[in-house]
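Okay, here's what each chain looks like letter by letter:
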Amino acid sequence: MQEGQYADIGGVKLHYHDVGEGPALVLLHGSGPGASGWSNFNRNIETLSGKFRVICPDLPGFGGSDMKPVDAPIPGWWADVMLGLLDHLGIAKAHFLGNSMGGMITLKIALEHPERIDRMVLMAPGGGTAVTSIFPSEGIKTLIGFYDGPGPSIERLRGFIDQFVYDPSAITEELVQERFEAAMNPRIVAQPPMRPGPAGMPEELWRDARLTRLPHEALILWGREDRVLPVDTGFTLMKQIPNARFLVMPRCGHWIQWEKADEFNAIVSEFLSE
């Protein structure tokens, strides 16, 4: 694993990986316990960096980055920090690929600063609303409440990770242990990044009328068996974003980039190179 680098973004220490050459591609990870840029995208960075300059940060509150303030709005505060990273790196415009919460942050940037995004890949992004499924899902409830109630445990984390994939037998004990160690960082336990704070719950981006005016070419990817954000959660986004393509992966859960890594890498590379 590459060591990564650090940048000071408005007083926030941000850890990130910067690999490869070519058009800039920002990878934004999701918000599950123990998540980080590298843990989410370690099956993709090497391949994608063959064509792109891949920038993969740890969102504040995760990995090696500073914590997110408890009163910071979701996803707007994270979006501002990511734009600060682009400014720090001297990048005016980049492709964005966001997974789950990272997809929601990507959408927020597109809405507020459309000129900063070239093409975007939204992989089971937050920000939509369920059409037919019961929501919030059990996966979302576990994610938000992981540090509450009986408290975090490796058994709770293993059950949560099993909900991320179609075939839980593919999950290794090493992966569970790595995520648990990251999730049990004392500063994260004391201030879980997804616990609702004074700023309230995450913004419902699907209600924003500006979605219908987004100019970007967008690829929405979803696992058909996603038990965290069910596939119908993306229908409202697909219908509203003018240039959105919607691709559903069979026999696949919430971690498309992990379960279908080779297919995912090929599809993303082709879409971003068009």
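For the chain, the name recorded in an unreviewed UniProt entry is Pimeloyl-ACP methyl ester carboxylesterase, with Actibacterium naphthalenivorans as its organism.

Below, the discussion takes up the pattern of salt bridges. Under the definition given, this model contains eleven salt bridges. Between Arg116 and Asp87 there is a salt bridge, with the nearest N and O atoms lying 2.9 Å from each other. Taken as a pair, Arg116 in the loop between α4 (101-112) and β6 (117-123) and Asp87 in helix α3 (residues 76-89) lie far apart in primary sequence, 29 residues in all. Between Arg224 and Glu225 there is a salt bridge, with its nearest N and O atoms 2.6 Å apart. Using a relative accessible area of 46% as the deciding quantity, one classes Arg224 as partly exposed.

Further remarks concern the packing of aromatic side chains. This structure, assessed with the given rule, holds seven aromatic pairs. Both rings, one in Phe160 and one in Phe164, keep their centres 4.6 Å apart while their planes meet at 65 degrees; by these two values the pair is edge-to-face. Classification of Phe160 as buried rests on a relative accessible area of 1%. By relative accessible area, which is 5% here, Phe164 ends up buried.

Next up on the list: empty space enclosed by the protein. The full count for this structure, using the stated rule, is three cavities of 30 Å³ or more. Put simply, the largest cavity is a space of about 110 Å³. Contributing to the lining of the largest cavity are 17 residues, with Ser31, Pro33, Phe62, Tyr147 and Pro193 lying nearest its centre. For the lining of the largest cavity, the elements supplying multiple residues, two or more each, are α5 (138-145) and α7 (173-183).

This brings us to the environment of Ala94. In this fold, Ala94 is placed in strand β5 (residues 94-99). Between the C-alpha atoms of Ala94 and Gly145, which are 51 residues apart in sequence, the distance is 34 Å. Setting aside residues up to four positions removed in sequence, Ala94 forms contacts with Ala24, Val26, Leu86, Arg116, Ile117, Asp118 and Arg119.

Residue placement: Pro75 occurs in the loop between β4 (53-57) and α3. In the structure, Pro75 is positioned 62 residues away from Ser137 in sequence and 20 Å away in space, judged by C-alpha atoms. Ignoring sequence-local partners within four residues, the contact set of Pro75 consists of Met101, Met104, Ile105, Lys108, Glu203 and Leu205.

Calculation notes
Residues numbered from 1 in each chain as written. Predicted model: local features only at pLDDT ≥ 70, side-chain atom pairs only at ≥ 80, totals over all residues. Heavy atoms only, no water. Salt bridge = Lys/Arg side-chain N within 4 Å of Asp/Glu carboxyl O. Helix = DSSP H or I, 4+ residues; strand = E, 2+ residues; numbered from the N terminus. Buried < 20%, exposed > 50% of the residue type's maximum accessible area, 1.4 Å probe, protein only. Phe/Tyr/Trp six-rings, centres within 6.5 Å; stacked < 30°, edge-to-face > 60°. 1 Å grid on protein atoms, 1.4 Å probe; cavity = no way out; pocket = protein on both sides within 12 Å on 5 of 7 lines; lining within 4 Å. Points joined across faces, edges and corners; volume = space filled by probe spheres on them. Contact = heavy atoms within 4.5 Å.

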